[in-house]
Amino acid sequence: MNVKAFLTDVMKRGEEVFVRTVLPVENLENFDLPSILVKSYTVEELCCVLREGKYVYVNFTSSVTHGKAQTIMGSSYVMEAQRVPGAFLSGAGTIGYLLWQEADEVKVCPALLEEDHIQPLSSAGVFAEEMSHYLKSFQVAEKRYA
């Protein structure tokens, strides 16, 4: 995956939807979201975070507001009967990508960001197809941080 291109694109697309589109996270279990939101990070800084063995969370959706959620692609979803995590449906979080590095490979999975933790998900529910399609546009043969 071309991590730099992915982070650059998602930051540009998300600037109208989120306070911060991409967040560095040391510990998935317990963090202080307001303190993470204070600083804006560059793509280079976020790539360093991954190389240091930490996580990067990338928002794909807004929180549910008035029964709807918006994606960074501009799609809007009515959330009444959709299959997504309950905390997300109640407006208590966002769904996005969790990135981390293992050996020489950047791994990605869907995740739910809540106020003080991130929960990796086996599926992003109704957002899975759109998230997968977007992520595939950044696949490259060899260069991880190209």
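Provided above is the structure to which this section pertains.
Keep in mind that this is a model prediction, so the values were computed, not measured.

1. Overview of the pairing of strand E6 (residues 105–113)
Alright, step 1. In the sheet, strand E5 (residues 94–102) pairs with E6 via nine bridges, with the strands oriented antiparallel. Bridge pairing in E6 places Trp 100 opposite Lys 107.
Alright, step 2. Between E5 and E6, which pair antiparallel in sequence order, lie two residues; one of them, Ala 103, sits at a positive phi of approximately 55 degrees.
Alright, step 3. Relative to strand E7 (residues 118–120), E6 is paired through three bridges, and the arrangement is antiparallel. Looking across to E7, one finds that Leu 112 is bridged to Gln 119.
Alright, step 4. Count of turn residues in the E6/E7 antiparallel hairpin: four residues.

2. A word on the sheet that holds E7
Alright, step 1. Read from one edge to the other, the open sheet built from five strands follows the order E1-E2-E5-E6-E7, with strand pairing classed as antiparallel. Each of the sheet's edge strands pairs with one partner strand only, and the pair in question is strand E1 (22–25) and E7. For this sheet, the mean angle separating the axes of adjacent strands, direction not counted, is 35 degrees.
Alright, step 2. Those strands touched by helix H5 (residues 128–136) are E5 and E6, and its axis lies near 40 degrees from that of E5.

3. A word on the pattern of salt bridges
Alright, step 1. In this structure the tally under the stated criterion is six salt bridges.
Alright, step 2. The residue Asp 9 makes a salt bridge to Arg 13 at a minimum N-O spacing of 2.7 Å. Of the two residues, Asp 9 and Arg 13 both sit in helix H1 (residues 3–14), four residues apart, roughly one turn of that helix.
Alright, step 3. With a relative accessible area of 23%, Asp 9 lands in the partly exposed category.
Alright, step 4. Between Lys 107 and Glu 105 there is a salt bridge; the shortest N-O distance is 3.7 Å.
Alright, step 5. The class for Glu 105 is partly exposed, based on a relative accessible area of 43%.
Alright, step 6. One continuous salt-bridge network, built from bridges that share partners, spans Glu 26, Glu 52 and Lys 54.

4. Remarks on the environment of Val 10
Alright, step 1. On the secondary structure map, Val 10 appears in helix H1.
Alright, step 2. With sequence-adjacent residues up to four places away left out, Val 10 is seen in contact with Thr 21, Val 22, Val 58, Asn 59, Ile 72 and Tyr 134.

5. A closer look at unusual backbone geometry
Alright, step 1. In this structure, Ala 103 is a non-glycine residue whose phi angle is positive, near 55 degrees.
Alright, step 2. As for its placement among the helices and strands, Ala 103 is situated in the loop between E5 and E6.

6. Some points on helix H3 (residues 43–51)
Alright, step 1. Those residues of H3 that sit buried are Val 43, Leu 46, Cys 47, Val 49 and Leu 50. Buried residues in H3, looked at end-on, bunch into an arc of 150 degrees, giving them a common side.
Alright, step 2. On its buried face, H3 sits against H1, E1, strand E2 (55–59), E5 and E6.
Alright, step 3. Positioned one or two residues after H3, Gly 53 has a phi angle of 90 degrees, which is positive.

7. Here's the deal with the nonpolar core
Looking at soluble globular proteins, one finds that nonpolar side chains tend to be buried together.
Alright, step 1. Ranked by internal contacts, the top residues of the largest apolar core, which has 32 residues, are Phe 6, Leu 7, Val 56, Val 58, Tyr 97 and Leu 99.
Alright, step 2. Put simply, the parts of the chain that give this core at least two residues each are H1, H3, E2, E5, E6 and H5.
Alright, step 3. In terms of residue count, the dominant contributor to this core is H3 (five residues).
Alright, step 4. In this structure, Leu 99 is in contact with Met 1, Phe 6, Leu 50, Lys 54, Tyr 55, Val 56, Val 58, Val 106, Lys 107 and Val 108, ignoring residues within four places of it in sequence.
Alright, step 5. Listed in part, the 13 residues of the second largest apolar core include Leu 33, Ile 36, Tyr 57 and Ile 118.

Basis of the calculations
- Residues numbered from 1 in each chain as written.
- Predicted model: local features only at pLDDT ≥ 70, side-chain atom pairs only at ≥ 80, totals over all residues.
- Heavy atoms only, no water.
- Pairing = 2+ DSSP bridges.
- Helix = DSSP H or I, 4+ residues; strand = E, 2+ residues; numbered from the N terminus.
- Axes fitted to C-alpha atoms, helices over the stretch in contact; angles between N-to-C directions.
- Contact = heavy atoms within 4.5 Å.
- Salt bridge = Lys/Arg side-chain N within 4 Å of Asp/Glu carboxyl O.
- Buried < 20%, exposed > 50% of the residue type's maximum accessible area, 1.4 Å probe, protein only.
- Arc of directions from axis to C-beta.
- Core = buried A, V, L, I, M, F, W, Y, C linked by side-chain atoms within 4.5 Å.

Interpretation in functional terms is not warranted from these geometric data alone.
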